[in-house]
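Understanding the architecture of this molecule
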Amino acid sequence: GDSVTQMEGPVTLSEEACLTINCTYTATGYPSLFWYVQYPGEGLQLLLKATKADDKGSNKGFEATYRKETTSFHLEKGSVQVSDSAVYFCALDQNDMRFGAGTRLTVKP
Amino acid sequence: DTEVTQTPKHLVMGMTNKKSLKCEQHMGHRAMYWYKQKAKKPPELMFVYSYEKLSINESVPSRFSPECPNSSLLNLHLHALQPEDSALYLCASSQPGTHTQYFGPGTRLTVL
């Protein structure tokens, strides 16, 4: 069945460092791909999405490109802030939503 | 407006209590979802309503009873829960076929 694998955390970075969180997927068709962010004590917020191959989703300085050839949707940000500290979930949706395990990011001043 | 609201924010209940969680959206979405999220885990799908009809029940115990009284509201009725049911319960909504779900802030449930 469809599944998502994302890099194990936790990830700890200093402010202004570059971020990459790897995400790969397995699906029989052409799913939509998502990154959701969950701040402490809150629900999930849609961060960005891409619905077809080579689409780039972007929001708040975060980017991810739908790579069909490598079945990947890696999340990147050039300069992280303390306020980016959260858990990030990669997800796909074809018939139902499948989440990765989540990656906890901590950004230190 | 991409807001899904959930009440209450926190709920503590005993194993013999009956309580309800509420979810509301005014985005005109016709699909609504209940998820359960344990600490440090991703959300797990419980129920899906599409056009106010239950379309998916992921083998959830009968002590959880969903209800969709209209296209904007989704309830989750709780009865005789167990301590292991303590979790964050998330509601989400989407337009059928769009694959983009919008989540509420969740209800933090503690069963004593």
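Calculation notes
For every chain, the first residue of the written sequence is number 1, and numbering continues from 1 along that sequence. Both sets of labels track the order of writing: A upward for chains, 1 upward for ligands. Given that this is a predicted model, residues contribute local features only at a pLDDT of at least 70 and side-chain atom pairs are listed and counted only at 80 or more, while totals for whole chains, interfaces and linings are drawn from all residues. Side-chain metrics rest on all non-hydrogen atoms present in the structure, leaving aside hydrogens and water. Helix and strand definitions follow DSSP, with helices as H or I runs of at least four residues and strands as E runs of at least two, each counted in order from the N terminus. We call two residues contacting when some pair of their heavy atoms lies within 4.5 Å. Computed with a 1.4 Å probe, the accessible areas rest on the Shrake-Rupley method; for each residue, only the protein chains presented here act as cover. Put simply, a disulfide is two cysteine sulfurs that come within 2.5 Å.

Counting secondary structure elements, chain A contains 0 helices and 12 strands. Across chain A, helices and strands are ordered from the amino to the carboxyl terminus as β-β-β-β-β-β-β-β-β-β-β-β. Each of the three principal axes of chain A carries a C-alpha extent, and together these read 40 × 25 × 20 Å. For chain A, contacts bridging at least 24 residues in sequence account for 55% of all contacts bridging at least 6. Accessible area for chain A stands at about 5,200 Å²; split by element, carbon and sulfur atoms hold 46% of it.

What follows is about the state of the cysteines. According to the stated counting rule, one finds 2 disulfides over all chains in the structure shown. The disulfide that involves Cys-23 of chain A links it to Cys-90 of chain A, with 1.9 Å between the sulfurs. The sign of the -70° torsion about the S-S bond sets the Cys-23 of chain A-Cys-90 of chain A disulfide as left-handed. Within this pair, whereas Cys-23 of chain A is found in strand β4 (residues 23–26), its partner Cys-90 of chain A is found in strand β10 (residues 86–93), the two being separated by 67 residues in sequence. Each disulfide pairs two cysteine sulfurs, and for Cys-23 of chain B the partner residue is Cys-91 of chain B, the sulfurs being separated by 1.9 Å.

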